[in-house]
Amino acid sequence: MGNTILIIGACGQIGTELTLKLRNIYGSDAVIASDIKEGANALMQSGKFEILDATDKDAILQVIKKYNVKQVFLMAAMLSVTAEKYPNKAWNLNMNSLFNILNLAKEKHIEKVFWPSSIAVFGNTTPQSNTPQETITEPSTVYGISKVSGERWCAYYHDKFEVDVRSIRYPGIISWKTKPGGGTTDYAVDIFYKAIEEQKYTSFLKENTALPMLYMDDAIKATIAIMETKKNTKYVSYNIGGISFTPKELAAEIKKQLPNFKINYVPDSRQKIADSWPNSIDDTVAKMDWNWQHEFNLEHLTTEMLKNLKIKLNPAATTKQSV
Ligand code: AKB
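Residues numbered from 1 in each chain as written. Predicted model: local features only at pLDDT ≥ 70, side-chain atom pairs only at ≥ 80, totals over all residues. Heavy atoms only, no water.

Visitor: Help me understand the pattern of salt bridges, please; the structure alone is not making it clear to me.
Guide: A side chain with one charge may pair with a side chain of the opposite charge, provided their charged atoms come close. Evaluated as defined, the whole model comprises eleven salt bridges. Across the salt bridge formed by Glu-50 and Lys-66, the nearest N and O atoms sit 2.8 Å from each other. Separated by 16 residues along the polypeptide, Glu-50 in strand E3 (residues 49-51) and Lys-66 in helix H3 (residues 57-67) bring together distant segments of the chain. With a relative accessible area of 15%, Glu-50 lands in the buried category. Here Lys-234 and Glu-134 are joined by a salt bridge, their closest N and O atoms 4.0 Å apart. Here Lys-234 is found in the loop between helix H8 (216-228) and strand E10 (237-239), whereas its partner Glu-134 is found in the loop between strand E5 (112-118) and helix H6 (142-161), with 100 residues between them in sequence. (Salt bridge = Lys/Arg side-chain N within 4 Å of Asp/Glu carboxyl O. Helix = DSSP H or I, 4+ residues; strand = E, 2+ residues; numbered from the N terminus. Buried < 20%, exposed > 50% of the residue type's maximum accessible area, 1.4 Å probe, protein only.)

Visitor: Help me understand the side chain of Ser-280, please; the structure alone is not making it clear to me.
Guide: Residue position: Ser-280 is located in the loop between helix H10 (270-276) and helix H11 (284-290). Here the side chain of Ser-280 touches Asn-130 through a polar contact of 2.8 Å, landing on its backbone nitrogen. Setting aside chain neighbours within four positions, we find Ser-280 in contact with Gln-128, Ser-129, Asn-130, Thr-131, Pro-212 and Ser-244. (Polar contact = N/O pair within 3.5 Å; in protein donor to acceptor, adjacent residues only side chain to side chain. Contact = heavy atoms within 4.5 Å.)

Visitor: Looking at this structure, I do not really get the pairing of strand E6 (residues 165-170). What am I missing?
Guide: On a regular strand, one side chain projects to one face of the sheet and the next to the other, so that they alternate. Buried residues dominate E6, accounting for six of its six residues. Neither face of E6 is open: one carries Val-165, Ser-167 and Arg-169, the other Arg-166, Ile-168 and Tyr-170, and all of them are buried. Note: E5 against E6, six bridges, orientation parallel. Across the sheet, the residue bridging to Phe-114 is Arg-166, located in E6. (Pairing = 2+ DSSP bridges.)

Visitor: Just to check I follow, could you spell out the sheet that holds strand E2 (residues 31-35) for this structure?
Guide: Within a sheet, each strand pairs with its neighbour through backbone hydrogen bonds, oriented either parallel or antiparallel. Read across the sheet, seven strands follow the order E3-E2-E1-E4-E5-E6-E10 without closing on themselves; strand pairing throughout is parallel. Each end of this open sheet is capped by a strand with a single partner; those strands are E3 and E10. The average undirected angle you get between the axes of adjacent strands in this sheet is 20°. Examined bridge by bridge, E6 and E10 share three bridges and lie parallel to one another. Each bridged residue has a counterpart across the sheet, and for Ser-167 the counterpart in E10 is Ser-237. Taken strand by strand, helix H1 (residues 13-26) contacts strand E1 (4-8), E2, strand E4 (69-74) and E6, and its axis lies near 165° from that of E2. Each of E1, E2, E3 and E4 touches H3; the most contacted strand, E1, lies at about 155° to it. (Axes fitted to C-alpha atoms, helices over the stretch in contact; angles between N-to-C directions.)

Visitor: Can you help me understand the site of the ligand in this one?
Guide: Residues in close proximity to the ligand include Leu-79, Ser-80, Ser-118, Ile-119, Tyr-143, Gly-183, Thr-184, Thr-185 and Trp-277, which together make up its full environment. The separation between an oxygen atom of the ligand and a polar side-chain atom of Ser-80 is 2.6 Å. Thr-185 places a polar side-chain atom, nitrogen or oxygen, 2.8 Å from a nitrogen atom of the ligand. Here the ligand has 260 Å² of accessible area as a free molecule, and 93% of this is covered by the chains. The residue makeup of the shell around the ligand, split by class, is four nonpolar, five polar and no charged. Both domains that furnish three or more residues to the shell around the ligand are identified here as domain 1 (4-171 + 222-239) and domain 2 (174-212 + 242-281 + 295-317). (Near = heavy atom within 4 Å. Areas by Shrake-Rupley, 256 points an atom, 1.4 Å probe, with all protein chains shown as cover. Nonpolar A, V, L, I, M, F, W, Y, C, P; charged D, E, K, R; others polar. Domains from an automatic or database assignment.)

Visitor: Would you explain the domain arrangement of the chain in this entry?
Guide: Interface size is commonly expressed as the accessible surface area that is lost when the partners come together. Taken domain by domain, the chain consists of domain 1 (4-171 + 222-239) and domain 2 (174-212 + 242-281 + 295-317). For domain 1 versus domain 2, the distance between C-alpha centres works out to 25 Å. Residue-level contacts link 25 residues of domain 1 with 22 residues of domain 2. Both sides of the domain 1 and domain 2 interface together cover about 1,900 Å² of buried area, and 56% of this is carbon and sulfur. Looking only at domain 1, the three residues that lose the most surface to domain 2 are Gln-13, Ile-119 and Gln-128, adding up to 31% of its buried area. Joining domain 1 to domain 2, the criterion identifies zero salt bridges. Connecting domain 1 to domain 2 are 13 residue pairs in polar contact (both at pLDDT 80 or more). For the side of domain 1 that touches domain 2, the secondary-structure elements that each account for two or more residues are H1 and helix H4 (80-85). Among the residues forming the side of domain 1 that touches domain 2, the class breakdown is nine nonpolar, 14 polar and two charged. (Buried area = accessible area lost by both parts, 1.4 Å probe.)

Visitor: How do you make sense of the packing of aromatic side chains when you look at a structure like this?
Guide: Remark: the centre distance and the inter-plane angle together describe each pair of aromatic rings, the angle taken between the planes. Tallying each qualifying case throughout the model produces 13 aromatic pairs. Summarising the aromatic geometry, the rings of Phe-99 and Trp-153 are spaced 4.9 Å apart at their centres and angled 70° between planes, so their arrangement reads as edge-to-face. Of this pair, Phe-99 sits in helix H5 (residues 87-106) while Trp-153 sits in helix H6, placing them 54 residues apart in sequence. For Phe-99, a relative accessible area of 21% translates into the label partly exposed. For the ring pair Tyr-235 and Tyr-238, a centre distance of 5.7 Å and an interplane angle of 90° mean the geometry is edge-to-face. Accessibility expressed as a relative area gives 18% for Tyr-235, which makes it buried. A network of ring pairs unites the aromatic residues Phe-99, Trp-153, Tyr-156, Tyr-157 and Phe-161 as a single cluster. Seen from the ring of Tyr-193, Lys-179 lies directly overhead, with NZ or CZ sitting 4.2 Å from the centre. Taking NZ or CZ as reference, Arg-270 lies 3.6 Å from the ring centre of Phe-204, over its face. (Phe/Tyr/Trp six-rings, centres within 6.5 Å; stacked < 30°, edge-to-face > 60°. Lys NZ or Arg CZ within 6 Å of the ring centre and 35° of its normal.)

Structure follows, in structure tokens:
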């Protein structure tokens, strides 16, 4: 157990698949999953799990010592929509969990940290199309303020205390194993569930609201790549682009495979958050610095989502059909 990894927030949308992938690569004993409550069966059955509160530094240190942890992936966070409802809780979770891990790294209990940032660091004053790596970051959401502050703290600990902390500005992540919760980009996952279950979806964003998105496999690939790169990375937190689409474009792609699918649009308060975010991301710097390249386009991810969700939501029917 020379290089044990601890995932904090392992039961969330990204944490679940990241844990499974890392266990696949490094072996189940080398990756400890933790969260405030238990998660999906696949995750719980694949290796060791600890109940852990990301804001409790002493409890984290105990787990680090118990397993001789060297790397921490801090995936616990409150996302954009929930953070608007509970600003104090969001600030407490998003910032104090980060300080805990940065301080544990500064105190040499761990050697390497991954911390997720987001396209939420951008705001209304940011150039919206092909948003560059270095640009105006004036977010208008509680979540965005926590992410831009987190980026600055990561850079500070890196420069002042030589903490090896790496980060990605995730766009909306699309996946079928674990649902996201409390985000603005969640519509792009919910739409697939509703398309299969009800053949219709009411979008809380306007039809032409484009947002940057990424299929989960690409997000996991990026996360592992930035943690493994031996190159000297210039930035702590990198833009990664993948695809960019509107609810209307996504619905049209789903309709190609489910011709009866219908969408209507009833924008709510989430529209304002989406309007403040970029509609596409320039990730040239990530491509140059650590060879980032996404694989999944809109058509490919739609096919993967529908195929896997049909099995997940109705396993019996799928088995019967395939007999
Ligand atoms: C959210 O919608 O809040 C997140 C994000 C883009 O960071 N998915």
